[in-house]
Amino acid sequence: MTIQIFAEPNKKEIMATTTATTPSTQRLPVATPSDVKNIELADLGKKRIEWANQSMKVLQSIRKDFIKNQPLKDIRIAACLHVTAETANLAITMRDGGADVALCASNPLSTQDDVAASLVRDYSIPVFAIKGEDNETYYSHIMAALDRKPHITMDDGADLVTTILTKRTDVLADIIGGTEETTTGVIRLRAMAQEGVLKYPIIAVNDADTKHLFDNRYGTGQSTIDGIIRSTNYLLSGSHFVVAGYGWCGRGLASRAKGQGADVIVTEINPTRALEAVMEGYRVMSMDEAAKIGDIFCTVTGNKNVIRREHFEAMRDGAIVCNSGHFNVEIDIPALDKLSSSKRTTRPFVEEYSLRDGRKINLLGEGRLINLAAAEGHPPSVMDMSFADQALSVEYLVKNHATLPKEVFPVPQDLDKRVAKLKLESMGIKIDRLTSDQEEYLASWSEGT
Ligand SMILES: NC(=O)c1ccc[n+]([C@@H]2O[C@H](COP(=O)([O-])OP(=O)(O)OC[C@H]3O[C@@H](n4cnc5c(N)ncnc54)[C@H](O)[C@@H]3O)[C@@H](O)[C@H]2O)c1
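Basis of the calculations
Residues numbered from 1 in each chain as written. Predicted model: local features only at pLDDT ≥ 70, side-chain atom pairs only at ≥ 80, totals over all residues. Heavy atoms only, no water. Phe/Tyr/Trp six-rings, centres within 6.5 Å; stacked < 30°, edge-to-face > 60°. Helix = DSSP H or I, 4+ residues; strand = E, 2+ residues; numbered from the N terminus. Buried < 20%, exposed > 50% of the residue type's maximum accessible area, 1.4 Å probe, protein only. Near = heavy atom within 4 Å. Polar contact = N/O pair within 3.5 Å; in protein donor to acceptor, adjacent residues only side chain to side chain. Areas by Shrake-Rupley, 256 points an atom, 1.4 Å probe, with all protein chains shown as cover. 1 Å grid on protein atoms, 1.4 Å probe; cavity = no way out; pocket = protein on both sides within 12 Å on 5 of 7 lines; lining within 4 Å. Sits in = over half its atoms within 2 Å of the grid points. Points joined across faces, edges and corners; volume = space filled by probe spheres on them. Nonpolar A, V, L, I, M, F, W, Y, C, P; charged D, E, K, R; others polar. Pairing = 2+ DSSP bridges.

Let us look at the packing of aromatic side chains. Under the definition given, this model contains 3 aromatic pairs. On the numbers, 6.2 Å between centres and 45° between planes, the contact of Phe214 with Tyr218 is tilted. Separated by 4 residues within a single helix, Phe214 and Tyr218 lie in helix 8 (residues 209-232), roughly one turn from each other. Since its relative accessible area comes to 29%, Phe214 is described here as partly exposed.

Once that is clear, we can look at the site of the ligand. As a matter of local geometry, the ligand sits amid 26 residues, with Thr182, Thr183, Thr184, Glu268 and Ser324 nearest to it. Thr183 is positioned such that a nitrogen or oxygen atom in its side chain is 2.7 Å from an oxygen atom of the ligand. Within the side chain of Arg273, one N or O atom sits 2.8 Å away from an oxygen atom of the ligand. In isolation the ligand exposes 860 Å². Once the protein is present, 88% of that is buried. Taking a 2 Å distance to the grid points as the criterion, the majority of the atoms of the ligand fall inside the largest pocket. Those elements that provide at least two residues to the shell around the ligand are helix 7 (183-195), helix 8 and helix 9 (248-259).

A word on empty space enclosed by the protein. Which parts of space are left empty comes out when a probe the size of a water molecule is rolled across the atoms. Evaluation of the coordinates by the stated rule reveals 1 cavity of 30 Å³ or more. Lining of the largest cavity is provided by Arg76, Ile77, Ala78, Asp100, Ala102, Arg148 and Pro150. Counting residues per element, the ones that place at least two in the lining of the largest cavity are strand 3 (76-80) and strand 4 (100-104). The biggest single contributor to the lining of the largest cavity is strand 3, with 3 residues. When the residues that make up the lining of the largest cavity are grouped by side-chain class, the tally is 4 nonpolar, no polar and 3 charged.

Ordered in space as 11-10-9-12-13-16-15-14, the 8 strands form an open sheet in which the pairing is mixed. Here the strands that pair on one side only, and so sit at the sheet edges, are strand 11 (283-284) and strand 14 (340-347). Of the strand pairs in this sheet, strand 15 (residues 350-355) and strand 16 (residues 360-364) are connected by 5 bridges, and their pairing is antiparallel. Paired with Glu352 across the bridge in strand 16 is Asn362.

Written as structure tokens, this is what we have:
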């Protein structure tokens, strides 16, 4: 049941933030307008937020610094991110840095309803997100976050910026900058900048080394396998597992599927990436060929119609098809609909399509990112780095927005390196330093054979 929530006003201001190691609950003496599924799920959500926090040591250290220095004081932030326990810790960190944060979902199926409830009840953070919401509700939630007139937008897929440019130009006057979390969002934003329609500077958090090298590869790799197994209970060992797209996510997914004993087949359109996959020991072929062989197909390309009519026509009976790329356009679901005489839900997140020729094809999670639809998304220890990049990028925007061009630009290198250093420290790992003669050697050209 969907209900409009106004969090219980609490007259006492309790537990003002005192420690950075546990996310503080801070109930403000104001109602928190929100739209979440069920506020009574909050107890469970709070435990999940605290569990995730334990593995987010870099974000903890940033929170400690934010509490002390209040770099986001009086800054209003609209964040359109997957509403998960890890995102909750980012939102709390920014709130503790002085910001007024509102959260909406960046995908209709990725919200953890218990986490959303806890953010509203225990942390007074407005949330507009319900798992399984329809498209209309999804966009009404984006509108609700924008109604708070943000200074900063945080996107995962660029739906917030797109909505601002197409329907909510009224909020532009207050905005000083934004961040973008994922590859697909960065592509869309670069297209806006190219056309000259982007109205404020955006930091491409995805492009930080401490983001895509870890989150996209290890995070998507593990959690996508997790989503496939949770939804199907399928034995990967001995299966023919087709990975479409050998980018950062595809590399992670292919290596984890291989680790489970699957015969991994990669499809690509980029010759260099295809060659890399061959050298890693995978079979590489066209989707036309792979379609005849695969037991499980997973797209991670950021492109549309990667699996389409001719591929469904070639697939074997019982094939499993899913996506872990950002949007649900990678699999041509309307084509599958047209080929089918009926469909039924056989398990949560599994739809069995009966084709007119008698074969069955199973689509997972409505073609939406399966790691968030059927599992919990990336583990907190990897989101620790992505969200440390996010928090530091927001702080950077607040300090530097006046001099930044209306373009998409990378996370400054010193911030990226700081996150890597903090992560290593949190893992208790020490690394070498350049000696002075090494520094000199690397800066010179005179020494040779
Ligand atoms: N599920 C998640 O939690 C999650 C996390 C991070 C990124 N993403 C999303 O996953 C997608 C991929 O991200 P990435 O960082 O790996 O991007 P990437 O650019 O590194 O890789 C994408 C790869 O797909 C290939 N490709 C494009 N069209 C193709 C086609 N028709 N057939 C086969 N290959 C094709 C490209 O050549 C490229 O190598 C994006 O949509 C991104 O936003 C999802």
